[in-house]
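Structural characterization, general
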Amino acid sequence: DNHHDVDSAVVLFAMAQLLAADAASIVDVGCGRGALIDPDTGERRLHDLRGPGRVVTGIDVDPVGAENPVIDEFRLIQDGRWPMDDESVDLVICDWVLEHIVDPEAFVSELRRVLRPGGAFLARTVSRSSPLSMTARLVPNAYHARALSRLQPGRAEQDVFPTAYRMNTPRDLAKVLDRDFEWTTSFHTGLQHYAKPWPRLAKALIVIEPRLPRRGRIAMILAARKKP
């Protein structure tokens, strides 16, 4: 929680890069097409976990994931089963995915199955207590694409997915992780990114959000390790 003034993407992917250095197999769950990765900035290098001696596999329920520019290979998730062998993965990462998971127990069951003992899991998601999440839960999923088109101009409708918010508090995570994982969470600011059409509001949020209770900050980062 000491990193609340650092962009949550930097925190997440800095940890991922460190863990990737010792990993042979990395899986990006819900990799998507990489639409939010800007190819013309250093952001792409931050997100890119590929390197000598390791393979980054992107998996997703949507075949469009094959377009992701920072994976070595793509595999399609079918019938809820991740297309990876048992205990074959050193690092699993997912970015802005947990908020869409409808069945947390099934998700963690697959995570537990594919990770080697001692393997790591990193995720960034929306804190359920953040103003964005609380507001979003008042808006039916059918209208999320329209709402986000105003908050994030240029975001394609195909990149907006239904939300469930069933893995978005430490209490929710404890129910599915405590038995087989050692884990921790931290909370980070970033609400101003959703107010870009309103510069004055964005500047105000930069000041206000760090003063919220820590779970009221928009981004929750989960770091977990599978118990031996």
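Residues numbered from 1 in each chain as written. Predicted model: local features only at pLDDT ≥ 70, side-chain atom pairs only at ≥ 80, totals over all residues. Heavy atoms only, no water.

As a further point, take a nonpolar patch on the surface. Together, Ile-206, Val-207 and Ile-208 make up a nonpolar patch on the protein surface, roughly 260 Å² of accessible area in all. For Ile-208, the position within the fold is in helix 7 (residues 199–208). (Patch = residues over 30% accessible without salt bridge, like charges linked within 9 Å, V, L, I, M, F, W, Y side chains within 5 Å. Areas by Shrake-Rupley, 256 points an atom, 1.4 Å probe, with all protein chains shown as cover. Salt bridge = Lys/Arg side-chain N within 4 Å of Asp/Glu carboxyl O. Helix = DSSP H or I, 4+ residues; strand = E, 2+ residues; numbered from the N terminus.)

This part is about helix 6 (residues 170–177). Within the sequence span of helix 6, burial applies to Pro-170, Asp-172, Leu-173, Val-176 and Leu-177. Each buried residue of helix 6 sits inside an arc of 155° when the element is viewed along its axis, so together they form one side. Facing away from the buried side of helix 6 by more than 90 degrees, the exposed set consists of Arg-171 and Lys-175. Turning to helix 6, the residues buried within the fold contact helix 3 (104–114), strand 6 (181–188) and strand 7 (219–226). (Buried < 20%, exposed > 50% of the residue type's maximum accessible area, 1.4 Å probe, protein only. Arc of directions from axis to C-beta. Contact = heavy atoms within 4.5 Å.)

Before going further, it helps to spend a moment on a positive patch on the surface. On the surface, a cluster of positive charge is contributed by Arg-171, Lys-175, Arg-214 and Arg-215. Mapped onto the elements of the fold, Arg-214 is located in the loop between helix 7 and strand 7. (Lys, Arg positive; Asp, Glu negative; His and termini not counted. Charge placed at Lys NZ, Arg CZ, Asp CG, Glu CD.)

Let us now look at the nonpolar core. Judged by nonpolar contacts, the single largest core of 28 residues is most densely connected at Trp-82, Val-92, Leu-98, Phe-107 and Phe-121. Among the secondary structure elements, those contributing two or more residues to this core are strand 1 (25–29), strand 4 (89–95), helix 3, strand 5 (115–126), helix 6, strand 6 and strand 7. Broken down by element, the residue count for this core peaks at four residues, all from helix 3. Val-92 has contacts with Val-27, Val-29, Trp-82, Leu-111, Val-114, Leu-115, Ala-120, Phe-121 and Leu-122, leaving out every residue within four places of it along the chain. Core analysis: the next-biggest nonpolar cluster, separate from the first, contains 15 residues, Ala-20, Ile-71, Leu-122 and Ile-221 among them. (Core = buried A, V, L, I, M, F, W, Y, C linked by side-chain atoms within 4.5 Å.)

Applying the stated criterion across every chain yields a total of ten salt bridges. Between Asp-48 and Arg-50 there is a salt bridge, with the nearest N and O atoms lying 2.7 Å from each other. Overall, Asp-48 belongs to the buried group, its relative accessible area being 18%. Given a relative accessible area of 30%, Arg-50 falls into the partly exposed group. Counted as one network, the salt bridges with shared partners bring together Arg-81, Asp-86, Glu-110 and Arg-113.

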